[in-house]
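Summary of structural features
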Amino acid sequence: MTPHDRLPARLAQRRRLARLALWWEAAWVALWPPLGVIGLFLVVALSGLTLVLPWPLHLLLLAGFAAALAWTGQRAARHLAAPGIGAAERRLERDSGLTHRPIATIGDRPTGNDPVALALWEAHRRRAAERLATLRVSRPRPGLPRHDRRALRGGLAVALVAALVAAGPEAPERLRRALLPA
């Protein structure tokens, strides 16, 4: 079996990996707001704030967090579409440093029947197939700093750790009581 014969299977595998990387990049950016709302709720619950609130305010706070989670979750769901094959191919070509779209060249067909043009086209396809031997997919780069310019995710992580330390062994009970206004 020649490397040219293994090309379709290798290309299909790399396309799947590229689509997965693209999906992960989009999912991480889309899911950051709902995760931030959950993290903020955990900070409030673990800090004990809900224990000192009267039950109507506690209920209002829970409703606010539920509404924020629903809103951010609905927005995230709109951005969680699977990337197309074309996007995956562009990702493969970019990550591999390939120019002139060699993946598209492999699938293209000439329109005429001129023997000289067909021979020239076949030579072009063969060179494109040789260039595809180096296909690779780089690891996902969600680019979250572009979407969270104030680095709120870092502040939230620090606040969550501090709230966990402050709650200590009472953490499970504080979480339970934060969900049940009484």
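Scoring rules and cut-offs
Residues numbered from 1 in each chain as written. Predicted model: local features only at pLDDT ≥ 70, side-chain atom pairs only at ≥ 80, totals over all residues. Heavy atoms only, no water. Helix = DSSP H or I, 4+ residues; strand = E, 2+ residues; numbered from the N terminus. Rg over C-alpha atoms; globule rule 2.2 N^0.38 Å. Buried < 20%, exposed > 50% of the residue type's maximum accessible area, 1.4 Å probe, protein only. Contact = heavy atoms within 4.5 Å. Areas by Shrake-Rupley, 256 points an atom, 1.4 Å probe, with all protein chains shown as cover. Lys, Arg positive; Asp, Glu negative; His and termini not counted. Charge placed at Lys NZ, Arg CZ, Asp CG, Glu CD. Phe/Tyr/Trp six-rings, centres within 6.5 Å; stacked < 30°, edge-to-face > 60°. Salt bridge = Lys/Arg side-chain N within 4 Å of Asp/Glu carboxyl O. 1 Å grid on protein atoms, 1.4 Å probe; cavity = no way out; pocket = protein on both sides within 12 Å on 5 of 7 lines; lining within 4 Å. Points joined across faces, edges and corners; volume = space filled by probe spheres on them. Nonpolar A, V, L, I, M, F, W, Y, C, P; charged D, E, K, R; others polar. Expected span 1.5 Å × (residues − 1). Core = buried A, V, L, I, M, F, W, Y, C linked by side-chain atoms within 4.5 Å.

The next point concerns the overall build of the protein. For the protein, the count of helices and strands is nine helices and zero strands. The order of α-helices and β-strands along the protein, N terminus first, is α-α-α-α-α-α-α-α-α. The C-alpha radius of gyration computed for the protein amounts to 26 Å, which surpasses the reference 16 Å derived for 182 residues by more than 25%, pointing to a less compact arrangement than a globule. Referenced to the eigenvectors of the C-alpha coordinate spread, the extents of the protein come out at roughly 85 × 30 × 30 Å. Taken over 182 residues, the protein has a buried fraction of 30%. Long-range contacts, defined as pairs at least 24 residues apart, comprise 81% of the intrachain contacts of the protein with a sequence gap of at least 6. Per element, the accessible surface of the protein, about 11800 Å² overall, is 66% carbon and sulfur. The distance from the centre of the 27 positive side-chain charges to the centre of the 12 negative ones in the protein is 5 Å.

Okay, the packing of aromatic side chains next. If you walk through the whole model with that rule in mind, you get two aromatic pairs. Arranged with centres 5.8 Å apart and planes meeting at 15 degrees, the rings of Trp-24 and Trp-28 form a pair that is stacked. In this pair, Trp-24 and Trp-28 are both assigned in helix α1 (residues 3-47), four residues apart and thus about one turn of the helix distant. The class of Trp-24 is partly exposed, set by a relative accessible area of 41%.

A full pass over the atoms with the stated rule returns 10 salt bridges. A salt bridge links Arg-90 to Glu-89, with the nearest nitrogen and oxygen atoms 3.5 Å apart. Residues Arg-174 and Glu-170 are paired through a salt bridge, measuring 3.3 Å at the closest nitrogen-oxygen approach. Residue Glu-170 is classed as partly exposed on the basis of its relative accessible area, which comes to 45%. Ionic contacts of the salt-bridge type, sharing partners, join the residues Glu-25, Arg-91, Arg-94, Asp-95 and Arg-141 into one network.

What follows covers the layout of surface pockets. Counted as a void, the largest pocket has a volume near 260 Å³. If you trace the largest pocket, you find it lined by Ala-26, Val-29, Ala-30, Trp-32, Pro-33, Trp-71, Thr-72, Arg-75, Ala-76, His-79, Leu-144 and His-147. Mapped by element, the contributors of at least two residues to the lining of the largest pocket are α1, α3 (55-78) and α7 (144-147). If you tally residues by element for the lining of the largest pocket, the top one is α1, at five residues. Here the residues of the lining of the largest pocket sort into eight nonpolar, three polar and one charged.

Along the chain, Thr-50 falls in helix α2 (residues 49-52). Here Thr-50 is in contact with Val-44, Ala-45, His-58, Leu-61 and Ala-178, once residues within four sequence places are set aside.

To continue, consider helix α4 (residues 85-96). Three- or four-residue spacings in an α-helix give side chains the same orientation, since the helix completes a turn every 3.6 residues. The terminal C-alpha atoms of α4, which comprises 12 residues, lie 16 Å apart, in line with the 16 Å expected from a rise of 1.5 Å per residue. Those residues of α4 that sit buried are Ala-88, Glu-89, Arg-91, Leu-92, Glu-93, Asp-95 and Ser-96. Looking one or two residues beyond α4, the residue adopting positive phi is Gly-97, at roughly 75 degrees.

With that out of the way, let us pick up the nonpolar core. Of all hydrophobic cores here, the largest spans 12 residues; its members are Leu-7, Leu-11, Ala-18, Ala-88, Leu-92, Leu-98, Ile-103, Ile-106, Ala-128, Ala-129, Leu-132 and Leu-135. Of all the secondary structure elements, the ones that give two or more residues to this core are α1, α4, α5 (102-107) and α6 (115-131). Considering each element in turn, this core owes the most residues, three residues, to α1. With residues up to four places along the chain from it excluded, the contact list for Leu-7 reads Ile-106, Ala-129 and Leu-132. Among the nonpolar cores identified, the runner-up in size contains seven residues, and Phe-41, Val-44, Ala-45 and Ala-178 belong to it.

Read these as layout, nothing more, since geometry by itself doesn't imply function.
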